[in-house]
Amino acid sequence: MSFIEYGDTIKEGDTAIVFLGHESMFPVKVQHGGKTQTKYGVIRHSTDLIGKEYGSKVTCSKGGWVYILYPTPELWTLNLRHRTQILYSTDISLITMMLELKPGSIVCESGTGSASLSHAIIRTIAPTGHLYTVEFHQQRAEKAIEEFEEHKVGHLVTVKTQDVCKNGFGVTNIADAVFLDIPSPWEAVGHAKLALKHEGGRICSFSPCIEQVQRTCLALEEHGFTEITTSEILLRVYNVRTISLQIPDLGKTADGNSSTGVDGGSLSNEDALCPNLQQETIQFKSGVPLKEMVGHTGYLTFATKNLF
Ligand SMILES: C[S@@+](CC[C@H](N)C(=O)[O-])C[C@H]1O[C@@H](n2cnc3c(N)ncnc32)[C@H](O)[C@@H]1O
């Protein structure tokens, strides 16, 4: 198992996702002799997981079953242990596209936080790119290093424990893209410019508040960045539902048929007196938006460093 390529079978040391439903899943570190409790009973790693194919339906000790899924950055984002606020896949998708990330890209990021975005960046820039991520909180940096090694992507990332606003990214003139998710990104814009390649590159800063955006945009302008734009991306999720609608009874037409044109069959006298009891319904499938949608996460400010 590695977060940058697919493997068929579950192996000792893998991080697998135990899937009980869309609202219920969790990661598990697969170990010989290991046991994992679920509401459907125990999963025994040696017999139920190791050697089985990813995607398998695994029966737990109480007879219920779960699916075991191969970990992807998207599933990891939904399942990782939060050390900080994290970025979710909706924002990550726009960041990836607007920073023009691809295999081979060199990227600088700060802070690492819970490494939700880091995993997605690494998957995109593999196998030849590299991520330099800066996190000034010692324990968070160490936890991220541990996870990158566990997920077999340690060779694609360098974690530095320093203040990005004071000490920058520790690299110069090598990055194709820089990403900032810190409280005062405007203080890191100068360092971002130094980290980006001489010939130029892209920058993105994520901030929840518009005042942070204003200061960042001013700093970007002062440092000569161009194409400065700020966006917000909102995801609207739909459920597929069968809808039943009553067909209005508009009375009888001159020829005696129901005015709706729907063949209501022959009504008894009783039904004719109480037409609502027999009112026709029509059923169809439709997409229904969820009552609540994810609100504001943050503003994404993008800009370009040009050669001239
Ligand atoms: C919101 S979290 C980042 C979350 C991350 N983008 C993710 O998806 O998991 C912000 C992180 O930046 C770190 N941080 C804040 N200011 C920093 C600075 N000046 N230098 C380095 N790290 C900083 C914090 O310790 C925190 O872990």
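Scroll up to find the structure this text is about.
Residues numbered from 1 in each chain as written. Predicted model: local features only at pLDDT ≥ 70, side-chain atom pairs only at ≥ 80, totals over all residues. Heavy atoms only, no water.

Overview of the site of the ligand
The condition is simple: The rule for a residue being near a molecule or strand is that one of its heavy atoms must lie within 4 Å of it. N or O atoms closer than or at 3.5 Å make up a polar contact, with two conditions inside protein: a donor-capable atom paired with an acceptor-capable one, and, for residues adjacent in sequence, both atoms drawn from side chains. Only the protein chains shown count as cover for residues, with accessible areas throughout obtained via the Shrake-Rupley method and a probe of 1.4 Å. What counts as a helix is a DSSP run of H or I of at least four residues, what counts as a strand is a run of E of at least two, and both are numbered from the N terminus. Amino acid classes used here: Ala, Val, Leu, Ile, Met, Phe, Trp, Tyr, Cys and Pro are nonpolar; Asp, Glu, Lys and Arg are charged; the rest, including Gly, are polar.
Within the structure, the ligand sits among 24 residues, and Glu135, Arg140, Asp163, Val164 and Asp181 are positioned closest to it. Measuring from an oxygen atom of the ligand, one finds a backbone N or O atom of Leu87 at 3.1 Å. Between the ligand and the protein, one listed contact pairs a nitrogen atom with a backbone N or O atom of Val164 at 3.0 Å. In isolation the ligand has 610 Å² of accessible area, and contact with the protein removes 90% of it. Breaking the shell around the ligand down by element, the ones donating at least two residues are α4 (116-125) and α6 (164-167). Within the shell around the ligand, the residues separate by chemical class into ten nonpolar, ten polar and four charged.

A few points about the sheet that holds strand β1 (residues 15-21)
Let me state the cut-off plainly: Strand pairing is assigned whenever DSSP identifies at least 2 bridges connecting the two strands. Where helices are involved, their axes are fitted lines through C-alpha atoms of the stretch in contact, as for all axes, and angles between N-to-C directions lie from 0 to 180°.
Read across the open sheet, the four strands follow the order β2-β1-β6-β5; overall the sheet is antiparallel. Edge positions in the sheet fall to β2 (24-29) and β5 (57-59), since each has one partner strand and no second. The sheet shows a mean angle of 35 degrees between the axes of neighbouring strands, direction not considered. Note: β1 against strand β6 (residues 65-69), three bridges, orientation antiparallel.

Digging into a nonpolar patch on the surface
Under the convention used in this document: The patch calculation keeps residues exceeding 30% relative accessible area without a salt bridge and links them within 9 Å when they carry like charges or within 5 Å when they are nonpolar (Val, Leu, Ile, Met, Phe, Trp, Tyr). We count a salt bridge whenever a side-chain nitrogen from Lys or Arg sits within 4 Å of a carboxyl oxygen from Asp or Glu.
A cluster of nonpolar side chains, Leu235, Val237 and Leu290, forms an exposed patch at the surface whose accessible area comes to about 230 Å². Relative to the assigned elements, Val237 resides in the loop between β12 (226-231) and β13 (238-246).

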